[in-house]
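Observations on the model geometry
Residue-level listing of the chains:
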Amino acid sequence: MAAGGLAAYRVPDLLLDNVEPGTVGHVLVRLLNDVRNETGRNDPLLVVAVAGQPPPELPEPHPLTDADEAFTEWSEALPEMRRLRRAAAWLMVLRPDPAESGPPPRGGVRAFAAPAPPWWSRRFLPAALCLVLVAAGGLWAGTRWAPDCRPSLTDRVAVRVIEGEYVGYSDSAAQVFNDDPGQGRLRAVQQRIFAQNRAAERVWEDSDHRKPYLTLVYLGTLTGNRTRADEESYVSEREELEGMATAQYALLQESAGADDAALLRIVVANGGRQMRHAEPAVAMLADLAREDPTLLGVVGMVESRRSTAEALGYLNRVGLPVLAPTLSADRLDANSRLYLQVSAPNADQARMVEAYAREVLKVADVHVYYTTGENSSLDDDLYVKTLDEGLRQLFGTRITRREEWRTGTRLTVECGFGGMLFYAGRWSEFDGFIRALRECGDNPPRHVVADDSVNRYMANPSLRAAAPGNIPVTYVSKAALATCAALRVAEQRRDDARATFLTLVRSGDLLDPPRCRPDDPHPVGERVSLAYDASMMMVRAVESLATRLHHAGPRRAWEPSSINPVGVHAEVLRQNAGGGYPGVAGLIRYSPDSGEPVHKRISLMRVERVPDVATEAVEVFHCGDADQPAEPGCDTSGS
């Protein structure tokens, strides 16, 4: 049986008899399976194939009496089987009970009496379903227009107040998230995205809907942090939104000269502090996905916490792929069959730090301090937990001190320490950690090394101003190939992808302020290129599907329902199956059974004087691929 979901009970059926391996009927069933895997489409057809033996692709049939359980098992496994393009992804095989089927007919297939159909397949269903939908629609409208919402009649906006935070989504200036002091840049990039949304819509209308048009959701933590008027508390979120805005801007530029260039609309969604309200946010996004066939995926997520893992599970259940620019906790892909991350996993970060300590610093002793942020724990913080596990596994007994550091704890015990002092915690506590070392005076620890979370601290000039100036800091970077210096070198050697990205971030009508200009060398930001790469991977997959489905012709309108999110996820994997995707922040490749990238570039950057924000950090060590697949290893040379 080639299944198509519960809706198949209300759509055309195709009955195939005498379907044996090698026959035309078997070939037809295989072709239906392959086309559905390739396009991701749930076409309205139920195929019932009668055969004398199970198909070779799926040798273990289920008893007919277990049809309901078989359907549940098949539907739960379908997303993963589609992702892996299994030959039996769409097959559910049922075997009649010989005791109830009577003697076999002349054709060799036993006749059987099917059990009574389930309630949802009976003739009264359409009328009953209409009543259910009307009732549900009334409930939905009442929820949307509740006093704690900010609805919009013309835009995609749905927001609820939960524990003082606005949770939900918006695609227009009718709802801009976060009005806290000091967060003007976060609001500005949202407003830029919303203006570009309107521009993309106009271009699509002017093209008579011929261009591919897709919607991506940015889901992150946009409220709930403690803020000061002089402190930007949402650097990661702002930079990821800037990366998506840059991709959106690039596509608007491309659309002027290419009929097949896709147009991108971005919906900004807030899951609350530490993604604690992700479940209601995802529920609202699921409603949006049902209404809007252009919605094809989610970018963002920001922090690897247990609440984030749960959010991935919610998104997997509603069939939305996630491309995470910066998440790196190990094994996050176990929470979603539709999850792909752009950055190297923590296992790679731990291996790089161990190689740096052994090959470059040549130290035997390591002290590790970790933090998990406010109102969190090691069990809840998957980023810190898996990084700590990787470090302990690789360093073993060379870790001679491992402690949780809490704000206010003195660190005089580390004064003059000659080994590696590794900070394996959250950026929010690093300010207090580095200032605690001020007590060491002119006898600081020799080698202070920090994880990649510290990038958020390094992007905050007001925090860095209070740091001691005599303690160099080396920290992990996931995007060393996309610093201003690295991009200028790439431009000189005619690296098209990075030169194009440099031109985009320099533009005067995109990011505020523009980046990497000779007269104002404002740094790009660690996460801008990573979010840009994630967005463009999704867009290029949609363009590829559009071309293969012949929707890029000059006189054919784009049909958003011709592809779906699972099909786009499968296409991203297909495009990465060869040489990988040439990302600005490094080559992106995936193995068939993992959402973690293989040998993704990761680096160590060094700042000699932390308060000196005008001087760019320098790469001192890196591992992973830049442009071409290479043998695993690390190098002390520049990028």
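Now for a description of the structure that goes with this document.

Definitions and limits used
Residues numbered from 1 in each chain as written. Predicted model: local features only at pLDDT ≥ 70, side-chain atom pairs only at ≥ 80, totals over all residues. Heavy atoms only, no water. Phe/Tyr/Trp six-rings, centres within 6.5 Å; stacked < 30°, edge-to-face > 60°. Buried < 20%, exposed > 50% of the residue type's maximum accessible area, 1.4 Å probe, protein only. Pairing = 2+ DSSP bridges. Helix = DSSP H or I, 4+ residues; strand = E, 2+ residues; numbered from the N terminus. Contact = heavy atoms within 4.5 Å. Axes fitted to C-alpha atoms, helices over the stretch in contact; angles between N-to-C directions.

So, about the packing of aromatic side chains. What the rule picks out here adds up to nine aromatic pairs. Aromatic pair Trp204 and Tyr213: ring centres 4.5 Å apart, planes at 10 degrees, arrangement stacked. Comparing Trp204 with Tyr213, the two get one shared label, buried. With centroids separated by 4.9 Å and ring planes inclined at 50 degrees, the aromatic side chains of Tyr423 and Phe433 adopt a geometry described as tilted.

What follows covers the sheet that holds strand S16 (residues 473-477). If you trace the eight strands from one edge of the open sheet to the other, you get S13-S12-S14-S15-S16-S19-S20-S21, paired in mixed fashion. Of all the strands in the sheet, just strand S13 (399-404) and strand S21 (634-635) have a single pairing partner and so form its edges. Of the strand pairs in this sheet, strand S12 (residues 366-370) and S13 are connected by five bridges, and their pairing is parallel. Bridge pairing links His367 to Arg401 in S13. Seen against the sheet, helix H10 (residues 382-395) touches S12, S13 and strand S14 (420-423) and runs at an angle of roughly 165 degrees to S13. Each of S12, S14, strand S15 (447-450) and S16 touches helix H11 (residues 427-436); the most contacted strand, S14, lies at about 150 degrees to it.

Turning our attention to the sheet that holds strand S11 (residues 339-341). Two modes of strand pairing occur in sheets, parallel and antiparallel, and in both the strands are linked by backbone hydrogen bonds. Taken together, the seven strands give an open sheet; going across it, the order is S5-S6-S8-S7-S9-S10-S11, and neighbouring strands pair in mixed fashion. Here the strands that pair on one side only, and so sit at the sheet edges, are strand S5 (157-162) and S11. Going across the sheet, the axis of each strand differs from the next one's by a mean of 20 degrees, ignoring polarity. Bridge count for S5 against strand S6 (residues 165-170) is six bridges, and the pairing is antiparallel. By the bridge assignment for S6, Ala158 is matched with Tyr169. Packed on one face of the sheet, helix H16 (residues 528-548) meets strand S7 (213-220), strand S9 (295-300) and strand S10 (322-324) and runs near 165 degrees to S9.

As far as function goes, none of this settles anything; it's purely spatial.
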